[in-house]
Amino acid sequence: MFSDDVRCLVVVGAQWGDEGKGKVVDVLAEQATIVARYQGGANAGHTVRVGEDEFILHLIPSGILYPEARCLLGNGVVIDPWTLAKEMAGLRERGIDLDGRIGISRRAHLVLPYHRTLDAAQERSRGSAKIGTTGRGIGPTYRDKIARTGLRVGDLKDLKRTRTIVSDGANRANVVLRGLKDEARVECDAVMSSIEEVRSMMLDLCADTGDEIRAELGVGGRVLLEGAQGAMLDVDHGTYPFVTSSTTTAGGAAVGVGIGPTAIDEVLGVVKAYITRVGAGPLPTELPEKEAERLRQLGGEFGATTGRPRRPGWFDGPVARYASGVNGLTALAITKLDVLDTFDAVKIATGYELDGAPVGAFPDSVEDLGAVVPVYETCSGWNADTTGCRTMGELPTAARQYLGRLEEASGTPIRIVGVGAARGATIRVSDAGIAAA
Ligand code: IMP
Ligand code: MG
């Protein structure tokens, strides 16, 4: 994917998250000099398998598993310092050298304990209308950021300033909690002493991440911008209000690390060979529970952050096309093709109907998206183990045909196909494309 012409590459999820971005980023990170996160926080859970080892990363970019890569958390990320500390300790315990390899933006906002408290209380108060958040305080932190009341990493060097922001934040949180008739309360002093535990670690990690990325691109380095969640969870383009609170789409990558959009050379969208969603909200191709359970077991579809069972469905062409448009995808990576190895038939939604009429533009309301009826095309299964395939030519014909249909349904050329969790279980598609194999 990286080449002389492609030095700044964005990898985004093009479904509802959990597309297997962690693995794709890990594979591409081998060639990157910098890997940076640009949005989201510890709501993400990126699973990477290296040999027998499995790593689940929430905040630190998946590039950390290559000793040469410098890993940055850009200004658009919301950082929970205690989760970061735990994640760093966990990596060190497993022999990963982190010295000088992690940098965090002074402009990034901190997720504080009261953001988590508010996240939980708000979900409780929503009852059956709950969003099904990961409970990591993401929404309340971004709310503080946009309301201009947040605490940024750079504020930590000034304790007095930190205390003022935290004290105001704690007061506001208590007003909200009382309004929700929730019993939880927040104490400024308790938050301040927690901050003491992580303050010097955070200040030591501070870097001019935007400058660093621009400088790296200026000297011909290779920068991988790692998205979290997926297009359908984007706060603008996703299934609002059942979304996360950040710009998960590719435009957010520029803003979230401090480069201009013209610096981005390619946008790789990651989709599973089927689809899943975790949390509430519409999912047009969702499978009935019996079939869903089969796919869930075969694909290990349980949340890496929360352990919740994911909701599986057939590949959704309209979602892929829409995600391709809003992200400006230049290529697609298909993951977990092997999960479909034992199916006699596999389906693809090629369009939607609403009240018997074809749906044109992708629905902007969750009511409409919840009411559409997918139009399916059935492809024959391949009933063969694809996990050992390393070239397109080695894949069964039916699997290749299925990929060809995914490409057509999404209107985006496939460049990578994943056939297993291991690093090596990856097929690179040549420029000639799927049909050439
Ligand atoms: P939040 O990001 O915790 O506020 O959760 C909002 C919605 O986004 C919920 O439906 C979550 O399940 C979903 N979500 C957040 N992060 C991820 C992720 O990394 N993968 C999949 N879904 C996610
Ligand atoms: Mg995940």
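Quick notes on the rules
Each chain carries its own residue numbering, running from 1 in the direction its sequence is written. By the order in which they are written, chains take letters starting at A while ligands take numbers starting at 1. With the structure being a predicted model, the display of local features is reserved for residues of pLDDT at least 70 and the display and counting of side-chain atom pairs for 80 or more, all residues being used for whole-chain, interface and lining totals. The side-chain values count all of the structure's non-hydrogen atoms but skip hydrogen atoms and water molecules. Numbering of helices and strands starts at the N terminus; helices are DSSP runs of H or I of at least 4 residues and strands are runs of E of at least 2. In this description the radius of gyration comes from C-alpha coordinates, and the expected globular size is given by 2.2 Å times residues to the power 0.38. Note on exposure labels: buried denotes an accessible area under 20% of the residue type's maximum, exposed denotes more than 50%, and partly exposed covers the range between, all computed with a 1.4 Å probe on protein chains only. Residue contacts are defined here by distance: any two heavy atoms, one from each residue, within 4.5 Å place the two residues in contact. Residue-level accessible areas treat just the shown protein chains as cover; the underlying method is Shrake-Rupley with a 1.4 Å probe. The pocket and cavity definitions rest on a 1 Å grid over protein atoms only: a 1.4 Å probe that fits but cannot leave marks a cavity, an open set with protein on both sides within 12 Å along at least five of seven lines marks a pocket, and residues lining either have an atom within 4 Å of a point. Grid points are joined across faces, edges and corners, and a volume is the space filled by probe spheres set on the points. Polar here means any residue outside two lists: the nonpolar Ala, Val, Leu, Ile, Met, Phe, Trp, Tyr, Cys and Pro, and the charged Asp, Glu, Lys and Arg; Gly therefore counts as polar. Domain boundaries shown here were taken from an automatic or database domain assignment. Two strands form a pair only when DSSP identifies at least two bridges running between them. Coordination here is defined by N, O and S atoms within 2.8 Å of the metal (3.2 Å for Na, K and Ca), and since water is not considered, a site can look incomplete. Throughout this document, a residue counts as near a molecule or strand when at least one of its heavy atoms sits within 4 Å of that molecule or strand. Within 3.5 Å is the distance limit for a polar contact, defined as a pair of N or O atoms, with the added protein rule that one can donate a hydrogen and the other accept it, and that residues adjacent in sequence qualify only through two side-chain atoms.

Caption draft 1: Structural view of the overall build of the chain. Looking only at helices and strands, one finds twelve helices and 20 strands in the chain. The globule rule puts the C-alpha radius of gyration for 437 residues at 22 Å, and the 22 Å found for the chain is close to it. Sorting the 437 residues of the chain into buried and exposed places 57% on the buried side. Across the chain, every contact between residues at least 6 apart in sequence was considered, and the portion connecting residues at least 24 apart equals 76%. Accessible area of the chain: about 17,600 Å², with a carbon and sulfur share of 50%.

Caption draft 2: Empty space enclosed by the protein, seen in detail. Scanning the entire structure with this criterion turns up one cavity of 30 Å³ or more. One number sums up the size of the largest cavity: a volume of about 60 Å³. Lys23, Val24, Val27, Leu28, Ala333, Ile334, Thr335, Ile416, Gly418 and Thr426 together form the lining of the largest cavity. When residues of the lining of the largest cavity are traced back to their parent elements, those giving at least two are α1 (21-29), β15 (331-335) and β19 (414-418). Sort the elements by how many residues they give to the lining of the largest cavity and α1 lands first, with four residues. In terms of residue class, the lining of the largest cavity is built from six nonpolar, three polar and one charged. Residues lining the lining of the largest cavity come from more than one domain, with at least three contributed by each of domain 1 (8-106 + 208-268) and domain 3 (271-436).

Caption draft 3: The arrangement of the sheet that holds β19 in detail. Read from one edge of the open sheet, ten strands run β9-β7-β5-β2-β10-β1-β11-β15-β19-β20, paired in mixed fashion. The sheet terminates laterally at β9 (206-207) and β20 (426-428), the two strands that pair on one side only. Pairing of strand β5 (residues 70-73) with strand β7 (residues 102-105) involves three bridges; the strand directions are parallel. Paired with Leu72 across the strands is Gly103, a residue of β7.

Caption draft 4: Quick look at the coordination of the magnesium ion (ligand 2). Distances from the magnesium ion (ligand 2) to its protein donors, Asp18 (OD) and Gly45 (O), fall within 2.2 to 2.6 Å. Taken together, the residues span a long stretch of sequence, with Asp18 in the loop between β1 (8-13) and α1 and Gly45 in the loop between β2 (34-37) and β3 (46-50) at a distance of 27 residues. Exposure remark for Asp18: the relative accessible area of 23% places this residue in the partly exposed category. The exposure class assigned to Gly45 is buried, which follows from its relative accessible area of 16%.

Caption draft 5: Representation of the site of ligand 1 in the model. Near ligand 1 lie 16 residues; those nearest to it are Asn43, Thr134, Thr244, Val278 and Arg308. Between an oxygen atom of ligand 1 and a main-chain N or O atom of Gly132, the distance comes to 3.3 Å. Residue Thr134 places a side-chain N or O atom 2.6 Å away from an oxygen atom belonging to ligand 1. Compared with its free state, where it exposes 470 Å², ligand 1 has 97% of that area covered by protein. When its residues are assigned to classes, the shell around ligand 1 shows six nonpolar, eight polar and two charged.

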